[in-house]
Amino acid sequence: SQQGEEDPQALSIQEGENATMNCSYKTSINNLQWYRQNSGRGLVHLILIRSNEREKHSGRLRVTLDTSKKSSSLLITASRAADTASYFCATGRSNYQLIWGAGTKLIIKP
Amino acid sequence: DTAVSQTPKYLVTQMGNDKSIKCEQNLGHDTMYWYKQDSKKFLKIMFSYNNKELIINETVPNRFSPKSPDKAHLNLHINSLELGDSAVYFCASSRSGTDPYEQYFGPGTRLTVT
């Protein structure tokens, strides 16, 4: 069953701008993960945030988690053309199963 | 030095045929997964194996049969292929334990059933 919903479904911005994607989910979780998928490729893990964490950073990526609102956001700062991809959030209730949203398609215009 | 590999990358076949997709990981992970990604990019878990044992089977038709000969391999066999089976199939792997871990994905197998 689908757990996460990303918002927006598609986002087009100019290179150098910041991109923000949101993910909402329905049930309790123990972790939330963000992945990137370039066209025609497999998914690549970006960040994992546990349910007792509120914010995490990795390079130009910043992820927040609000368990009271059952939502997360992924911020990519100073976007580059290479950031063009689809971004997925996945929520984990156990350590063996992730439930995925439908993704946000991000296009960075040069 | 590929972490998770799948073969074949593309598979075109006719309805009613039987086909297999192979997956191997060299990361030393205990857990492996099969996912199906449909044309709308929605990713759905099909199976999960931990130490060669099936732990997740998500309402997948029994025409789909996973087989794990060892911890590094998880193959997917599909009988009597149907048009609706057309999709991209991803294999993934992860560590296992009390902490949640990220998953590592293969490049995908694009299956087209005609």
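The sections below set out a description of the structure shown in this document. Being a predicted model, the structure only gives us computed values, none of them experimental.

Basis of the calculations
Residues numbered from 1 in each chain as written. Chains lettered and ligands numbered in written order. Predicted model: local features only at pLDDT ≥ 70, side-chain atom pairs only at ≥ 80, totals over all residues. Heavy atoms only, no water. Pairing = 2+ DSSP bridges. Helix = DSSP H or I, 4+ residues; strand = E, 2+ residues; numbered from the N terminus. Axes fitted to C-alpha atoms, helices over the stretch in contact; angles between N-to-C directions. 1 Å grid on protein atoms, 1.4 Å probe; cavity = no way out; pocket = protein on both sides within 12 Å on 5 of 7 lines; lining within 4 Å. Points joined across faces, edges and corners; volume = space filled by probe spheres on them. Nonpolar A, V, L, I, M, F, W, Y, C, P; charged D, E, K, R; others polar.

1. Some words on the sheet that holds strand S3 (residues 19–24) of chain A
Residue and element names in this part refer to chain A.
1) Next: Ordered by their spatial adjacency, 5 strands build an open sheet running S1-S3-S8-S7-S6, and the pairing between neighbours is antiparallel. In this open sheet, the two strands that pair with only one neighbour each are strand S1 (5–7) and strand S6 (55–58). Geometrically, the sheet is characterised by an average inter-axis angle of 15 degrees between neighbouring strands, direction not taken into account.
2) Next: Both S3 and strand S8 (residues 71–76) contribute to a ladder of 6 bridges, which runs antiparallel.

2. Thoughts on unusual backbone geometry
1) Next: Residues Asp7(A) and Pro8(A) are joined by a peptide bond in cis, for which omega reads 0 degrees.
2) Next: Structurally, the position occupied by Pro8(A) is in the loop between S1 and strand S2 (10–14).
3) Next: With omega at 0 degrees, the peptide bond leading from Thr7(B) into Pro8(B) counts as cis.
4) Next: Tracing the backbone through its elements, the reader meets Pro8(B) in the loop between strand S1 (4–7) and strand S2 (10–13).
5) Next: Even without being a glycine, Lys70(A) presents a positive backbone phi close to 50 degrees.
6) Next: As for its position among the elements, Lys70(A) is in the loop between strand S7 (61–66) and S8.

3. Description of the sheet that holds strand S3 (residues 19–25) of chain B
All names here are of chain B.
1) Next: Read from one edge to the other, the open sheet built from 4 strands follows the order S1-S3-S8-S7, with strand pairing classed as antiparallel. Sheet topology places S1 and strand S7 (64–70) at the edges, where each strand pairs with a single neighbour. Averaged over all neighbouring strand pairs, the angle between strand axes comes to 20 degrees, with direction disregarded.
2) Next: Pairing geometry for S3 and strand S8 (residues 73–78), over 4 bridges, is antiparallel. Within the sheet, the bridge partner assigned to Ser 20 lies in S8 and is His 77.

4. Some words on the pairing of strand S6 (residues 53–57) of chain B
Residues and elements named next belong to chain B.
1) Next: Here strand S5 (residues 43–50) runs beside S6; their pairing, made up of 4 bridges, is antiparallel. Paired with Phe 47 across the strands is Asn 57, a residue of S6.
2) Next: Hairpin geometry of S5 and S6 is characterised by an intervening segment of 2 residues between the two adjacent antiparallel strands and by a positive phi of about 50 degrees at Asn 51.

5. Digging into the layout of surface pockets
Where empty space is left can be seen by rolling a probe of water-molecule size over the atoms.
1) Next: Estimates place the volume of the largest pocket at around 480 Å³.
2) Next: In terms of lining, the largest pocket is formed by 27 residues, of which the most central are Gln37(A), Ser39(A), Gly40(A), Ser86(A) and Lys41(B).
3) Next: Of all elements in the fold, only strand S9 (85–92) and strand S11 (104–109) of chain A together with strand S9 (87–94) and strand S11 (109–113) of chain B reach the threshold of two or more residues within the lining of the largest pocket.
4) Next: Broken down by class, the residue content of the lining of the largest pocket amounts to 9 nonpolar, 12 polar and 6 charged.

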